[in-house]
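The chain contents come next:
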Amino acid sequence: MAVLARPVTWWRRQSLRFRVTAAATAVLALALAVSAYVFVAVLGEALVRGIDDQVYQRGREIVALSDANRLSDPVVSVDNTIVQVLDRDGRIVDATPNTDRLVPLLPAGAREAAVRTGAPRFLDGRPYALPGPLRVRALSADRGVTVIVARSFGEVESSLVTIGHVLIAGMPLLLALLAAVSWLVVGRTLRPIALLRRGAAEVGATARSRRLPVPEARDEVHALATTLNDMLGRLEEADARQRALVSDAAHELRSPLASIRLQLEVALSHPEGQDWKETAEGVLEDTLRLSRLAEDLLALARLDEGRLGRREPVDLAEMARRTAERYGLGLDLAPGASPVVLGDALDLRRVLANLVDNALRHAASAVRIGVRAEGSVAELTVTDDGPGIPPEERERVFDRFTRLDDARSRDDGGAGLGLAIVRTTVEAHGGTVHLEDASPGLRAVVRLPLAR
């Protein structure tokens with residue numbers, strides 16, 4: 001096993017250019033070898049068949065002349081064809097000048113078998129002082145006469161040997177040419193990948209906006225470069241969001257920390273005139289604000305990873321009923337079965353609580369919660385009768401740390417993460433959320449897929 005693993009390991013360590021070139025050359029070498037073998041075999045069989053046809057045709061002519069008693073003496077040689085005519089006793093009575101007139105080419109047993117089968121056969125011509133192997137056929141004529149016709153196979157054999165030498169000499173040259181062409185073509189094909197690798201190596205933390213070079217050819221490498229650039233774009237956007245989140249979080253943390261520090265410094269500088277209970281209440285309020293901000297940031301971090309705490313059936317009507325009772329709000333439930341969705345009950349309760357808190361912060365007098373099912377979707381709504389939000393601002397409020405001016409000016413304004421958590425949570429559950437005009441006021445609409 002170790003002996004076999006060593007070549008495999010060596011092969012895997014080679015470059016892609018080398019492996020493609022070597023594989024293409026090896027496949028072509030095998031294809032050429034098989035093709036050359038088949039070509040020589042087919043050519044040889046065709047040449048043998050041609051000689052057999054000529055021998056047979058000449059033999060039939062001699063048989064016809066013998067039956068008609070029109071044979072010349074000696075028999076005329078055509079195309080170096082050898083002819084022997086034997087009588088009933090096996091004696092040569094006529095022959096071409098290029099053969100022996102005393103010794104038949106085929107002995108009696110072989111001659112009878114050749115006449116009976118009618119198949120041609122090879123014969124070594126050297127014992128008969130004839131060059132090279134012979135292709136021999138025996139035919140019977142009238143009055144017990146046997147005609148033996150033969151032709152030299154040496155020329156065909158020499159031609160096949162020459163063709164074989166040409167193929168053996170030409171195949172390495174062809175393989176070398178193919179290897180060189182494959183090496184160049186594969187190198188040019190992999191050049192865009194090398195440029196991609198070089199461009200990727202230059203992309204660093206200080207060059208986030210850099211993009212990889214895209215080749216002009218509309219091939220797989222072009223698609224790869226486009227996909228990688230899209231990925232870099234998404235990473236750049238995610239990095240920008242993370243940097244903005246860190247910056248905004250630091251800004252939001254600075255205010256309560258500065259307030260706590262200021263209250264404590266004032267209290268320590270003037271302890272005799274300080275209301276310590278009031279100071280403690282102020283510090284506690286800022287501490288609770290810090291705690292809520294930390295919880296919101298942790299929730300966003302978990303949701304950004306696409307993780308849900310659990311997936312379980314959640315009855316939206318029951319959840320809405322409990323929330324309405326806790327806050328003393330109006331409730332609108334559609335008749336029929338309660339809509340049930342699959343998700344994390346704690347996250348969905350947080351969604352509803354954030355929407356209710358946002359509505360209470362801006363409502364003039366009333367907030368209502370509504371639940372209904374529509375087809376395969378459950379719809380959860382929170383409606384207030386406040387001043388509403390301009391249509392051009394209704395998407396922006398879902399961004400993180402986004403607060404409109406009126407909300408920012410109020411003492412009870414949040415950190416601007418409530419609606420961002422709502423959208424991220426809803427999308428993690430496969431749903432959507434948007435704001436619409438309630439005339440008067442604003443309505444938040446959450447749509448979630450029903451559990452099957």
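Residues numbered from 1 in each chain as written. Predicted model: local features only at pLDDT ≥ 70, side-chain atom pairs only at ≥ 80, totals over all residues. Heavy atoms only, no water.

As annotated in an unreviewed UniProt entry, the protein chain carries the name histidine kinase and comes from Microbispora catharanthi. For the record of the protein chain, the UniProt heading Subcellular location (unreviewed entry) holds the text "Cell membrane". Regarding the protein chain, the relevant UniProt record gives this comment under Catalytic activity (unreviewed entry): "ATP + protein L-histidine = ADP + protein N-phospho-L-histidine." (UniProt positions renumbered as here; feature names shortened; annotations may be inferred.)

A. Molecular detail of the packing of helix α7 (residues 316-327) against helix α8 (residues 345-362). With their axes 11 Å apart at the nearest point, α7 and α8 run at an angle of 40° to one another. One way to sum up the angle between α7 and α8 is to call them oblique. Once α7 is placed against α8, the crossing between them reads as right-handed. Contacts between α7 and α8 involve M319, A320, T323 and Y327 on the former and, on the latter, L348, R349, L352, A353, V356, D357 and L360. Among the residues making up the contact of α7 with α8, the classes are represented as eight nonpolar, one polar and two charged. (Axes fitted to C-alpha atoms, helices over the stretch in contact; angles between N-to-C directions. Helix = DSSP H or I, 4+ residues; strand = E, 2+ residues; numbered from the N terminus. Parallel < 35°, antiparallel > 145°, perpendicular 65-115°, else oblique. Left-handed = near helix turned anticlockwise from the far one by under 90°. Contact = heavy atoms within 4.5 Å. Nonpolar A, V, L, I, M, F, W, Y, C, P; charged D, E, K, R; others polar.)

B. Structural context of the pattern of salt bridges. Taken as a whole, this structure holds 16 salt bridges when the rule is applied. Note that D89 is salt-bridged to R91, the shortest N-O span being 3.4 Å. Each member of the pair, D89 as well as R91, carries the same accessibility label: exposed. For R372, the salt bridge goes to E379, with nearest N and O atoms at 3.0 Å. A relative accessible area of 36% means that R372 is categorised as partly exposed. Using a relative accessible area of 11% as the deciding quantity, one classes E379 as buried. In this structure, a network of salt bridges that share partners links the residues R372, E374, E379 and R447. (Salt bridge = Lys/Arg side-chain N within 4 Å of Asp/Glu carboxyl O. Buried < 20%, exposed > 50% of the residue type's maximum accessible area, 1.4 Å probe, protein only.)

C. Structural context of the packing of aromatic side chains. Within this structure, the stated rule accounts for one aromatic pair. A centroid spacing of 5.1 Å and a plane angle of 80° characterise the contact between F122 and F153, whose relative ring orientation is edge-to-face. Residue F122 is found in strand β3 (residues 121-124), and its partner F153 is found in the loop between β5 (146-152) and α4 (154-202); the two are separated by 31 residues along the sequence. For F153, a relative accessible area of 8% corresponds to the buried category. (Phe/Tyr/Trp six-rings, centres within 6.5 Å; stacked < 30°, edge-to-face > 60°.)

D. Looking closely at the sheet that holds β5. Reading across from one edge, β2-β1-β5-β4-β3 is the order of the five strands in this open sheet, with antiparallel pairing throughout. Of all the strands in the sheet, the pair left with one neighbour each is β2 (92-95) and β3. The mean angle between the axes of side-by-side strands here comes to 30°, regardless of whether they run parallel or antiparallel. Strand contacts of helix α2 (residues 16-67): β1 (82-86), β3, β4 (133-140) and β5, with the helix running at about 35° to β4, the strand carrying the most contacts. (Pairing = 2+ DSSP bridges.)

E. Seen up close, the environment of A345. Structurally, A345 is set in helix α8. Residue A345 is classed as buried on the basis of its relative accessible area, which comes to 11%. It is 8.8 Å that separates the C-alpha atoms of A345 and M319, two residues lying 26 residues apart in sequence.

F. Expanded view of the domain arrangement of the protein chain. The assigned domain composition of the protein chain is domain 1 (14-206), domain 2 (209-307) and domain 3 (312-449). Each of domain 1 and domain 3 has a C-alpha centre, and the two are 90 Å apart. (Domains from an automatic or database assignment.)

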